[in-house]
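Structural overview
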Amino acid sequence: MSIPTFAKLAEKIAVGLGAKFSPVESKTFPDGEAYMRFNQSFENEQVIVIQSCYPQQDRRLIELFMMLDAAKDLGAESLFAVVPYLAYARQDKRFREGETIGISTVTKLIESCGADAFLTVDIHKEESLKLFNINAVNLSAMHELGKYLKESSLGRPYVVAPDKGAIEHAKKVAEVLGADYTFFGKTRDLKTGEVQTSVKDAEVRDRDVVVVDDIISTGGTIANVARIIKNQGARKIIAACTHPLLVKYAKTKLQEAGIDEIVGTDTIESDVSRVTVAKIIAGALRALV
Ligand code: R5P
């Protein structure tokens, strides 16, 4: 079994699996195109290509497609695509007439580049996996995030989902913490992307509150909730997510809204990636390959 890639997370997964780790040579041509080279052939091997879609996401995707395509061509007997953070998953339907559906295009390309199976972590909507004709698995990092938070000795913890879509994530974290949970109402302007959060009376007074979501991108969603619960008397507020994209001024926005700590996983490597998903991915792969 071989794991060709260049990310730190992939190396950890290979160690956990006891698989051979095979780094990939990569560079950028002067015109911006990607070049990649494997340093081995994969004749009769089970190959796991691990590629997360950290920014620049488009570049990560073309690298993924090229690695899958070449690994198959170089003799892979079976080919597993592991994409811890799958980009384009939020555009999962036509919200406005005429829109492209990113996740539909991305899943088609992963499959047509030769993947025999697919694995990801906290995909934006689990139903999107139905777009695949191959075996497709979604893992949740919420238990791991919950375990990390439990060690932080939170006082009377309470968990909040910033929208209805994140309620299952909040529930999982709350179970580990032995805490109550709730969700807020959120609407997004389809043209500007601006988020409105409806005020809800949450039982947060004098409690340490974890606001949990799948992705923190601009930070707008969680900042809105943080401002509301700060006003309602929350003591410490922690923003927790699986995929810490944290684009532009997200961290400042969150701090200014009253967030005391941001914690994410290593599906995207950042200075808040304090929880690893290597163990859950290696465990799932052990059962699948
Ligand atoms: C969307 O529904 C997602 O679950 C996240 O809530 C969203 O992507 C967060 O984006 P931002 O941090 O830009 O508000």
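So, the sheet that holds strand β15 (residues 273–275)
Backbone-to-backbone hydrogen bonds join strands into a sheet, with any given pair of strands oriented parallel or antiparallel. An order of β9-β8-β12-β13-β14-β15 is seen for the six strands of this open sheet, with the pairing classed as parallel. The sheet is open, and its two borders are formed by β9 (180–183) and β15, each paired with just one other strand. Averaged over all neighbouring strand pairs, the angle between strand axes comes to 35 degrees, with direction disregarded. As paired elements, strand β13 (residues 237–244) and strand β14 (residues 261–265) share three bridges and run parallel to each other. When the bridges of β14 are listed, I238 appears paired with E261. Sheet strands in contact with helix α4 (residues 142–150) are β12 (209–216), β13, β14 and β15, and its direction is about 140 degrees off that of β14. Running at roughly 170 degrees to β12, helix α6 (residues 220–231) makes contact with β8 (158–161), β12 and β13 of the sheet.

Description of helix α5 (residues 167–177)
Three or more residues of α5 are buried, namely H169, A170, V173, A174, V176 and L177. For α5, the arc enclosing every buried residue in end-on projection is 160 degrees, short of the 170-degree limit, so these residues lie on one face. Packing partners of the buried residues in α5 comprise α4, β8, β9 and β12. G178 sits one or two positions beyond α5 and adopts a positive phi of about 65 degrees.

Let's talk about the environment of Y181
Structurally, Y181 is set in strand β9. In this structure the C-alpha to C-alpha distance between Y181 and G75, which are 106 residues apart in sequence, comes to 49 Å. Apart from the residues within four sequence positions on either side, Y181 is in contact with Y158, V159, I167, A170, K171 and A174.

Reading the values: rules and limits
Numbering of residues starts from 1 in every chain and runs along the sequence as written. Restriction of local features to residues with pLDDT of at least 70 applies here, the model being predicted, together with a cutoff of 80 or more for giving and counting side-chain atom pairs; totals for whole chains, interfaces and linings are based on all residues. Excluding hydrogens and water, the side-chain figures rest on all heavy atoms present in the structure. Pairs of strands are assigned from DSSP output, requiring at least two bridges between the strands. Working definition: helices are DSSP H or I runs of at least four residues, strands are E runs of at least two. Numbering for both runs from the N terminus. The axes are straight lines fitted to the C-alpha atoms, using for helices just the contacting stretch, and the angles between their N-to-C directions are given from 0 to 180°. Whether two residues are in contact is decided by their heavy atoms: any pair within 4.5 Å suffices. Exposure classes here rest on a 1.4 Å probe applied to the protein chains alone. A residue is buried below 20% of its type maximum, exposed above 50%, and partly exposed in between. This arc is taken over the directions from the axis of the helix to the C-beta atoms.

Spatial relationships are all this shows, so hold off on functional conclusions.
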